[in-house]
Amino acid sequence: MEIHIISLIILLLIFIIGAVFSINVGVLGFIAAYGYLVFSNSIELADIYAKFPADLFVLLVGITYLFAIVQTNGTIDIITNWGLSLVRGNVGLIPWLILFLCALLTSMGVASLAVCSIVAPIGLKMAYDSKISPLLMAMMMHLGIVIGGFSPLSLFGVIVNGVIQSENIPFSPIKLYLNIAIFILILSVVIFILLGGLKLFKQKSAVSIESMEQNINYIVAQPPKVKLNRYQFMTLVGILLMVVLVVGFELNMGFTALTIALLLGCADVKNQNAILAKVPWTVILLVAGIVSFVGVLDTIGTIGFVSDQISKFANPVMATLGASYLGGFVSVFASTTGFLAAIMKFAAPILTDPTLSTTAVVSAIAVSANIVDLSPLSGGGALFLANAQGISQSKMFRQLLLGTVGLTLLGPGLAWLVFIILGISF
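Heads up: these notes are all about the structure in this document.

Okay, the overall build of the protein chain next. A count of helices and strands for the protein chain gives 21 helices and two strands. The buried share of the protein chain, taken over its 426 residues, is 55%. Summed over all atoms, the accessible surface of the protein chain reaches about 18,600 Å², with 69% contributed by carbon and sulfur.

As a further point, take helix α9 (residues 155-166). Across its twelve residues, α9 extends 16 Å between first and last C-alpha, which sits within 8% of the 16 Å expected from 1.5 Å per residue. Within α9, the full set of buried residues consists of Phe156, Gly157, Ile159, Val160, Asn161, Val163 and Ile164. Asn168, located one to two residues past α9, shows a positive phi value of around 55°.

Glancing now at the pattern of salt bridges. Inspection of the entire model under this criterion finds one salt bridge. With a closest N to O distance of 2.4 Å, Lys125 and Asp129 form a salt bridge. Placement of both Lys125 and Asp129 in helix α7 (residues 112-129) is noted, with a separation of four residues, approximately one turn of the helix. In terms of burial, Lys125 and Asp129 fall into one category: buried.

As for its placement among the helices and strands, Val367 is situated in helix α19 (residues 358-371). Take Val367: its relative accessible area is 1%, and that puts it in the buried class. Considering only alpha carbons, one finds Val367 and Phe183, 184 residues apart in sequence, at a separation of 9.0 Å. The contacts of Val367, once residues within four sequence positions are left out, are Val146, Ile180, Phe183, Ile184, Ala415 and Phe419.

As a further point, take the packing of helix α4 (residues 54-72) against helix α14 (residues 281-299). Relative orientation of the contacting elements α4 and α14 amounts to 165°, with a least axis distance of 10 Å. Relative to α14, the element α4 is oriented roughly antiparallel. Here the hand of the crossing between α4 and α14 comes out right-handed. From α4, Leu56, Phe57, Leu60, Val61 and Thr64 reach across to α14, where they touch Trp281, Ile284, Val287 and Val291.

Let us look at the side chain of Thr359. Its location among the elements puts Thr359 in helix α19. Setting aside anything within four residues of it in sequence, one finds Thr359 in contact with Phe171, Ser172, Lys175, Leu176, Asn179, Ser425 and Phe426.

It is worth spelling out the packing of aromatic side chains at this point. With the rule as written, the count across this model stands at seven aromatic pairs. Here the aromatic rings of Trp96 and Phe192 are separated by 5.3 Å at their centres, their planes lie at 55°, and the arrangement is tilted. Placement of Trp96 in helix α6 (residues 94-107) and of Phe192 in helix α10 (residues 173-194) is noted, with a sequence separation of 96 residues between them. Of the residues examined, Trp96 reaches a relative accessible area of 15% and is grouped as buried. Pairwise contacts between aromatic rings join Trp96, Phe100, Phe192 and Phe201 into one cluster.

Where nonpolar side chains cluster on the molecular surface, the patch consists of Ile5, Ile9, Leu12, Leu13, Ile16, Ile17, Val20, Phe21 and Ile23 and spans about 810 Å² of accessible area. Summarising the element assignment, Ile23 is placed in the loop between α1 (2-21) and α2 (25-40).

Cut-offs and rules
Residues numbered from 1 in each chain as written. Predicted model: local features only at pLDDT ≥ 70, side-chain atom pairs only at ≥ 80, totals over all residues. Heavy atoms only, no water. Helix = DSSP H or I, 4+ residues; strand = E, 2+ residues; numbered from the N terminus. Buried < 20%, exposed > 50% of the residue type's maximum accessible area, 1.4 Å probe, protein only. Areas by Shrake-Rupley, 256 points an atom, 1.4 Å probe, with all protein chains shown as cover. Expected span 1.5 Å × (residues − 1). Salt bridge = Lys/Arg side-chain N within 4 Å of Asp/Glu carboxyl O. Contact = heavy atoms within 4.5 Å. Axes fitted to C-alpha atoms, helices over the stretch in contact; angles between N-to-C directions. Parallel < 35°, antiparallel > 145°, perpendicular 65-115°, else oblique. Left-handed = near helix turned anticlockwise from the far one by under 90°. Phe/Tyr/Trp six-rings, centres within 6.5 Å; stacked < 30°, edge-to-face > 60°. Patch = residues over 30% accessible without salt bridge, like charges linked within 9 Å, V, L, I, M, F, W, Y side chains within 5 Å.

Have a look at this one:
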């Protein structure tokens with residue numbers, strides 16, 4: 001038990017030191033993992049290498065490299081103008097446009113990370129150009145993805161439904177989807193207001209915004225019509241091709257993005273150094289280092305230790321609360337996809353309790369595990385961090401981390417209160 005407590009304290013210290021001294025927490029994570037090896041002698045160097053998130057590394061490099069090309073050749077500015085034209089100059093509607101776009105795509109079955117990979121560069125560019133808080137935009141994108149993430153067609157929805165069906169428990173996937181969608185929409189309104197979203201509606205009149213990429217001025221109320229050149233058209237086709245290959249043919253998104261970026265790069269060899277310079281290597285190092293350390297914690301049993309403490313609750317109502325917070329806490333650092341399957345199996349005894357609604361329990365636990373994926377240590381959060389403009393990465397990292405802490409502390413409790421205590425559920 002002592003080693004698990006110590007390892008959790010070290011994890012906390014990593015974030016504190018990184019936030020206070022602006023040191024890359026990825027470096028701290030790697031050093032902490034190796035330090036544990038040296039002083040405990042209970043793991044081997046191969047264990048640390050085995051926990052390096054190679055898949056996440058390739059994903060981040062591939063996606064950020066591809067969208068560095070999109071940003072450099074001006075394609076993202078054209079997409080931004082198209083997006084602005086849809087809201088007819090009402091800046092206050094831009095976050096909601098992005099939220100519903102994310103919700104629609106994930107509801108159709110597009111992977112959450114794929115949606116985030118495609119929409120994050122565009123949404124955060126629009127936020128920068130329209131003077132919208134990047135944290136607000138990241139929150140709205142994230143919440144939109146959560147809304148669609150539990151549709152019967154989405155990955156999370158399929159996982160939850162499959163696990164519960166394997167336990168032969170009566171359950172309605174549609175009710176789960178509606179529960180979470182309504183809960184997140186109401187939460188989105190609250191967050192929109194708290195982060196100053198109402199002020200954006202005052203920017204309804206024409207506002208001149210400088211586009212740094214093209215060094216031009218355009219009017220939000222009437223964005224200029226911009227024609228695609230051949231290279232920009234190829235870039236859009238490349239993005240569409242990536243979506244088709246990843247969603248339709250289930251190819252690896254990281255390697256697919258790298259391949260398409262390489263092909264596009266061959267058409268613009270002279271700008272490759274400038275493009276690679278825009279890849280957020282510090283963010284990639286951050287995610288890789290801290291995920292590696294959390295993997296070491298999993299190897300030594302710390303994650304299992306935390307799970308065991310939660311499982312000691314006997315009261316089904318309190319057990320649901322414990323499972324909800326466990327889902328939120330673990331998903332900050334670990335794979336939400338894998339953990340959802342595990343936590344649903346753990347919650348099976350609670351789901352069969354006649355005093356509780358199965359759909360309500362599943363809704364509370366599922367939304368708690370997914371709502372914290374804003375974390376800059378997750379794939380989606382890292383993409384938000386990598387694509388934020390007009391704000392330092394250290395400041396954006398702290399804002400995302402604070403937002404994650406808030407969602408982790410309040411989200412599971414609110415979901416438990418609404419679905420379990422108040423019984424507001426389909």
